[in-house]
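Notes for the structure review
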Amino acid sequence: MKKLWGIAIMVVLIIVGLGMCWMLPGDRIKQAQQMKANGNYDYAIILGAKVNGEVPSLSLRYRLESAVEYATQYPHVQLVLSGGQGKDEGISEAKAMYRYLQEHGIAKERLVIEDQSTSTYENLQFSQNIIPEVAGVTIISSDYHLARARFLARQIGWESDVVAAKTPESVKAKVGLRERLALLKTWLFRR
């Protein structure tokens, strides 16, 4: 009987632990989306996403649409286009963003290209290396991605606010699970 109680307690603890590992990141993801940008920072970093050949994926296009809206509202803000070129991409994510923003009326003088990064941490770190020293930045990315990006920005010494781009319906379930796991990993390893 004692053995059964021990097993039951272990099962309950595992279920509670898994529940916390699901709920805590989910809560942080929602909280990060509330830190809405209002033009306080001179630089906004657009985090890269997949490029299909030379065309922005739907996720990247949503980020760019949000960036155009924000840049139009706050014309003093410089945009850092951050994203390297993956093996299956025809051009760097930064180059695809540059083309899109130019086509949508954003002056090239407002665009700073960072085209070497391959992760969210590198997006921020490499961007920090090419812009003047600032206390904080605006992060433009998919809504689910902002908690991790803000956490990593703090790791390199930046305060941040956000512009949340919508997530394509076709990938919502997949990225919801993946991002919770990525956020837990980031909290553990600080990268």
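Quick notes on the rules
Residues numbered from 1 in each chain as written. Predicted model: local features only at pLDDT ≥ 70, side-chain atom pairs only at ≥ 80, totals over all residues. Heavy atoms only, no water. Salt bridge = Lys/Arg side-chain N within 4 Å of Asp/Glu carboxyl O. Helix = DSSP H or I, 4+ residues; strand = E, 2+ residues; numbered from the N terminus. Buried < 20%, exposed > 50% of the residue type's maximum accessible area, 1.4 Å probe, protein only. Pairing = 2+ DSSP bridges. Phe/Tyr/Trp six-rings, centres within 6.5 Å; stacked < 30°, edge-to-face > 60°. Lys NZ or Arg CZ within 6 Å of the ring centre and 35° of its normal. Core = buried A, V, L, I, M, F, W, Y, C linked by side-chain atoms within 4.5 Å. Contact = heavy atoms within 4.5 Å. Axes fitted to C-alpha atoms, helices over the stretch in contact; angles between N-to-C directions. Arc of directions from axis to C-beta.

Now for the pattern of salt bridges. What the rule picks out here adds up to 4 salt bridges. Its salt-bridge partner being Glu54, residue Arg99 comes within 2.7 Å of it at the nearest N-O pair. Taken together, the positions of Arg99 in helix α3 (residues 93–103) and Glu54 in the loop between β2 (51–52) and β3 (55–56) put the pair 45 residues apart, joining distant regions of the chain. Exposure remark for Arg99: the relative accessible area of 34% places this residue in the partly exposed category. Where Glu65 meets Arg61, a salt bridge forms, and the shortest distance between an N and an O atom there is 3.5 Å. A residue pair is termed a helical-turn pair when its members lie 3 or 4 positions apart in one helix, as Glu65 and Arg61 do in helix α2 (residues 58–73) at 4 residues.

As defined by bridge partners, strand β4 (residues 78–82) adjoins strand β5 (residues 111–114) across 4 bridges and the pair is classed as parallel. Looking at β5, one finds that Val80 is bridged to Val112.

What follows deals with the packing of aromatic side chains. According to the stated counting rule, one finds 1 aromatic pair in the structure shown. For the pair Tyr70 and Tyr74, a centre-to-centre distance of 4.9 Å together with 50° between the ring planes defines the contact as tilted. Among the residues examined, Tyr70 registers a relative accessible area of 4% and is labelled buried. Over the ring of Tyr62 we find Lys166, and its NZ or CZ is 4.5 Å from the ring centre.

This part takes up the nonpolar core. Core analysis: the largest hydrophobic core is formed by 25 residues, its most contacted members being Ile46, Tyr70, Leu79, Leu81, Leu101 and Ile140. Every element with two or more residues in this core is listed here: β1 (43–47), α2, β4 and α3. Core analysis: the second largest hydrophobic core is formed by 22 residues, Ile29, Leu47, Ile131 and Val162 among them.

As a further point, take the environment of Ala107. Mapped onto the secondary structure, Ala107 falls in the loop between α3 and β5. For the pair Ala107 and Thr118, spaced 11 residues apart in the sequence, the C-alpha separation amounts to 26 Å.

For Ser57, the location among the structural elements is in the loop between β3 and α2. Those residues within four positions of Ser57 in sequence are excluded, and the remaining contacts are Ala49, Lys50, Val51 and Asn52.

Relative to the helices and strands, Asn123 resides in helix α4 (residues 120–130). Discounting residues that sit within four places of it in the chain, Asn123 has contacts with Leu47, Gly48, Ser82, Gly83, Glu114 and Ser117.

Strand order in the open sheet formed by 5 strands is β5-β4-β1-β6-β7, and the pairing between neighbours is parallel. Looking at which strands have only one partner, the edges of the open sheet turn out to be β5 and β7 (159–165). Neighbour-to-neighbour, the strand axes of this sheet turn through a mean angle of 25°, independent of strand direction.

Taken together, the buried positions of α3 are occupied by Glu93, Ala94, Ala96, Met97, Tyr100 and Leu101. Seen from one end, α3 has its buried residues packed into an arc of 160°, which puts them on one side. Each element contacted by the buried residues of α3 is listed here: β1, β2, β3, α2, β4 and β5. The positive-phi residue at the C-terminal boundary of α3 is Gly105, with phi of around 85°.

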